[in-house]
Amino acid sequence: TRLRNGNFSQVDVGTNSAGGQILSMASDSDGSLWTINYYGRLFSLRDGKSFVSPVRAGREDNVPALAKDKDGKLWVVRADVVGSLEKGSLMPVQQPGEPDPDGVQRVCASRNGGLWIAGDARVRRWTGGSVIKDTESAPWGQNALTTMLETKAGELLVGTLKAGLFLRSPDGTYQQFTRSNGLSHDWVRCLYQDREGTIWVGTGGGGLDALRLRKVAMVKAPDDWLGRAVLSVTPSAAGGLWVGTEGAGLYRLNEGNLTRFEQPNGLPNSFVWSVLEDRQHGLWVGTWGGGLVCRRGDTFQVPAGLEGNTAAMLALHQDRRGALWIGTQSGLVRYEDGKPTWFNHADGLELPDVRAVTESADGAIWFGMSGGGLGRLKEGKITQYHKPDGLASDFVWSLLAEPDGTLWVGTFGGGLCRLKQGRFATISTREGLPNNVICHIANDGQGNFWISSYGGIFRVSKDDLQRCADGQLKAVNCLVYGKGDGLSTLECSGGFQPSGCRTPDGRLWFPTSKGLAVVDPASVIINPLPPPVLIEEVTADGQLVRLPEQGAALSAAKPLQIRPGKQRFEFRYTALSLVAPEKVRFKCRLDGLESDWVDAGTRRVAYYSYLKPGDYTFRVIACNNDSIWSETGATLALRVLPYFWQTWWFSVCAVVAGAGVVGSGARYATRRRLRRRMEILERQRAVEKERARIAKDIHDDLGASLTRITLLSQSDRAELEDPRQAAEDLAKIYTTARELTRAMDEIVWAVSPQHDTLDSLVTYLGKFAQDFLSVAGIRCRLNVPMQLPAWPLTAEVRHNLFLALKEALNNVVKHAAATEVRVSLTPAASGFSLVVEDNGKGFDPARPGVAANVDGMPARLSAGNGLSNMRKRLAEIGGVFELDSARGEGTKLKFVVRLQS
């Protein structure tokens, strides 16, 4: 089967394959691909050549295979026979200088030239001459071999059918991997070493295994530490280590041998929470619920002064003067010259659960508490620091004091704190730490801190920590060791002291919940290969966008065309670093939208919610597990196409149209302002006209009446001696005053804004008509709708309509000789009509100045201009005056008023 351009296809190898399984493939120096099947038949996929390699009787379990040496020469192994394939032909196997074919099961190329040959429990290296160099006997015995590989480090790997994998070091020693020590299956089918040095082992039923050099070694106890967590460790001056466990007692590790101590040896119980060997080689063991004991010979005894103390002993430290400091759940104890001195609640300590103790350069004793923060004891005075003072957490698990006075504080949940010159600074996961639970801090003497945590063991530069704490560096770079580097668990032990140590050989030891881990800082190997970066797929609104061919041509390809209207974009990418894929980190940037790199962490997808039409370039780079960044990464150009209304020509047209609209709007606004100004002027003119009318009415009616009253009053003073004449004049004054009051009421009603409605007009006209006609003894009938439209009326309309009605009623009273008058109002769509109809004697409209007399003789109507005045008043308000009358049939006057909408 062949994979080309992302597609799989089956290749026809013809009848020459003889139906057997294809077991091995290799290419020669000419570029031909050779295959060998189960029956040993060779076939070339380039030119179709096929022949059978020499066959002789051999073991049935020795299946055929192909191997390619350093010079590109192909070797064929079949039934204990080995031969060379050169220029498409199988060379005889018995030529001088060729390897002895006897007992050959597998061959592989040697990095230094020649071949490795394995078979018959022997490993030989053929250098290409006439000499076969024998080596020691191989440990796999008569087990059938399946595959071989020499690594970049010169190690030889041999896979077997039933005995797992054998690794031969360059010094000739062997190591076997089976299901008992990590291999998923004992049948090894194939081997491969990738660019980063990882060995990939394909098994016959257990899947794919990765084999790589451990960076962290785990101490294997024969009893597996009884399944208990390791809590504390301290070096011994006599060599080896003392190890305290949670329930498995105390262990002595020396030259790979473990000795266990428990209750029969004098320990109060098997829960050893702290262990320390002092400078006088005395061993101190703190227990849970059993107090503190010290070692005397091969037994453990309670030291003087601490008898009967069953407090949990959590931390042990020896200061420069030789005094022993003990951290307990009840406070801090100084033990010197057989006398304990307690510091606890009585000294003002809050929550004195002491988990860590150290001494600074000025002789002060610093101690961390679980919940009580950080404490300092100097010259008998205790100072306690909490979160409000700048401490990241009140749960302090580890301390490290430096000669310059700097104090490093490891907390549970708050990360790492630095106390320098009285100020706290915090470095946590926000600044690049892998975890915020700091169990132990160790200085490797090479400018680095090694820190155990709940996220594994990591190394960080002390200089980077200082710069980050000073605000000169945003984040620190950590070399993190996890399960992929040999740790059995990420959870290290903390909250007990010492929770780590450094032995004279420079190695660092860290207790964990699943055993004891050891790291050699001097043997740290950095992965120097930046990972290749690959953009896997792009989606727009959830739809997959087809990408061009990957590789170098991707960045040079034409931009991806993205259809208009897409809103959500996702770029999925990866980096090919398989040493620790979970530690691979990414940075991405979308040119055209972003100017700076975005730190994506371990996220392998970038999201963008909206991209305006235009050209963009997506870039992504990655770093491997040791923070070695790729310089080029991967790039992808794309073009988001616009809708037609998002194009430049549409924008130009829109600008032109917008300018036209703005101009039209400005012209309209100008005309509207001008019209509004004209309306204001018209209203002002109407107001001036109304004022002139009011002045005229006041002058004509009120002024004349007041003048008459004045003249009558003067004449009355002259005629006081004539009572009769004075009474007549007073009656005239009274009548004139009443007329004056009524005229004044009419003027006030006409100008009052609260009467500018149709309903108010009808009410006033009806009352006036009834009052006016009742004095003359004429019956008045009103016909008005119950509900009138809420139409506003101007004062001019009301005033002129009232005067017209008044004129009409006055004519009825003086000339019509009527006994009844009907006043009716009828609303219409564009206004209303007011009709005044009497049952008087009427007149001829052709001779409007003459009315019928009682005896048929003509009589003159009003000498004034009543009809013309009514017609004129209706015309002034845009209305119509209509007259309908006949002799002896009464008169009908109709006032039609049109209202503007």
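Remember, it's a predicted structure, so these values are computed and weren't measured experimentally.

Engineer: Explanation requested: the overall build of the protein in the structure shown.
Structural biologist: Along the protein, the regular secondary structure elements total seven helices and 65 strands. The buried share of the protein, reckoned over its 901 residues, is 46%. Pairs at least 24 apart in sequence give 51% of the contacts found in the protein among residues at least 6 apart. Here the protein displays about 45,900 Å² of accessible surface, and carbon together with sulfur accounts for 51% of that area.

Engineer: I tried to follow the layout of surface pockets on my own but got confused; where do I start?
Structural biologist: In this approach a probe as big as a water molecule rolls over the atoms, and the regions it shows empty are the leftover space. Here the largest pocket is characterised by a volume of approximately 1,600 Å³. Lining the largest pocket we find 50 residues, and of these Leu-211, Arg-212, Leu-213, Arg-214 and Lys-215 sit closest to its centre. Elements represented by at least two residues in the lining of the largest pocket include exactly β17 (165-168), β18 (174-177), β20 (199-203), β21 (208-211), β22 (217-219) and β49 (515-519). By residue class, the composition of the lining of the largest pocket is 23 nonpolar, 14 polar and 13 charged.

Engineer: Explain the pairing of strand β27 (residues 272-277) here, please?
Structural biologist: Remark: a regular strand shows side chains that alternate across the two faces of the sheet. Within β27, six of the six residues are buried, which leaves it mostly tucked inside the rest of the structure. The pairing of β27 with strand β28 (residues 283-287) spans five bridges and is classified as antiparallel. Looking across to β28, one finds that Val-275 is bridged to Val-285. Linking β27 back to β28 in an antiparallel pair, the connection comprises five residues, with His-281 at a positive phi of about 65°.

Engineer: What is the right way to look at the packing of aromatic side chains in this model?
Structural biologist: Working definition: an aromatic ring pair is given by the centre-to-centre distance plus the angle between the planes. Counted by the stated rule, this structure contains 26 aromatic pairs. Here the aromatic rings of Trp-242 and Phe-261 are separated by 5.7 Å at their centres, their planes lie at 45°, and the arrangement is tilted. Of the two residues, Trp-242 is situated in strand β24 (residues 241-245) and Phe-261 in strand β26 (residues 257-261); the sequence distance between them amounts to 19 residues. The class of Trp-242 is buried, set by a relative accessible area of 2%. Judged by its relative accessible area of 10%, Phe-261 falls in the buried class. Measuring from centroid to centroid gives 6.2 Å for Trp-649 and Phe-650, while their planes differ by 80°, and the two rings are edge-to-face. Judged by relative accessible area, which is 28%, Phe-650 ranks as partly exposed. Here a set of aromatic residues connected by ring pairs shows up, and it is made of Phe-571, Tyr-573, Phe-586, Tyr-608 and Phe-618. Residue placement shows Arg-355 over the ring face of Phe-496; its charged tip is 5.9 Å from the ring centre.

Engineer: Would you mind showing me how to read the sheet that holds strand β64 (residues 880-885) here?
Structural biologist: Backbone-to-backbone hydrogen bonds pair the strands of a sheet. The strands run either parallel or antiparallel. If you trace the five strands from one edge of the open sheet to the other, you get β59-β60-β61-β65-β64, paired in mixed fashion. For this open sheet the edge positions go to β59 (779-783) and β64, each flanked by a neighbour on one side alone. Adjacent strand axes in the sheet meet at a mean angle of 15°, parallel and antiparallel pairs treated alike. Across seven bridges, strand β60 (residues 820-827) lies against strand β61 (residues 831-838) in antiparallel orientation. The residue of β61 that forms the bridge with Thr-826 is Ser-833. Along the sheet, helix α5 (residues 758-775) contacts β59, β60 and β61; its crossing angle with β59, the most-contacted strand, is approximately 165°.

Analysis parameters
Residues numbered from 1 in each chain as written. Predicted model: local features only at pLDDT ≥ 70, side-chain atom pairs only at ≥ 80, totals over all residues. Heavy atoms only, no water. Helix = DSSP H or I, 4+ residues; strand = E, 2+ residues; numbered from the N terminus. Buried < 20%, exposed > 50% of the residue type's maximum accessible area, 1.4 Å probe, protein only. Contact = heavy atoms within 4.5 Å. Areas by Shrake-Rupley, 256 points an atom, 1.4 Å probe, with all protein chains shown as cover. 1 Å grid on protein atoms, 1.4 Å probe; cavity = no way out; pocket = protein on both sides within 12 Å on 5 of 7 lines; lining within 4 Å. Points joined across faces, edges and corners; volume = space filled by probe spheres on them. Nonpolar A, V, L, I, M, F, W, Y, C, P; charged D, E, K, R; others polar. Pairing = 2+ DSSP bridges. Phe/Tyr/Trp six-rings, centres within 6.5 Å; stacked < 30°, edge-to-face > 60°. Lys NZ or Arg CZ within 6 Å of the ring centre and 35° of its normal. Axes fitted to C-alpha atoms, helices over the stretch in contact; angles between N-to-C directions.

These values are about where atoms sit, not about what they do.
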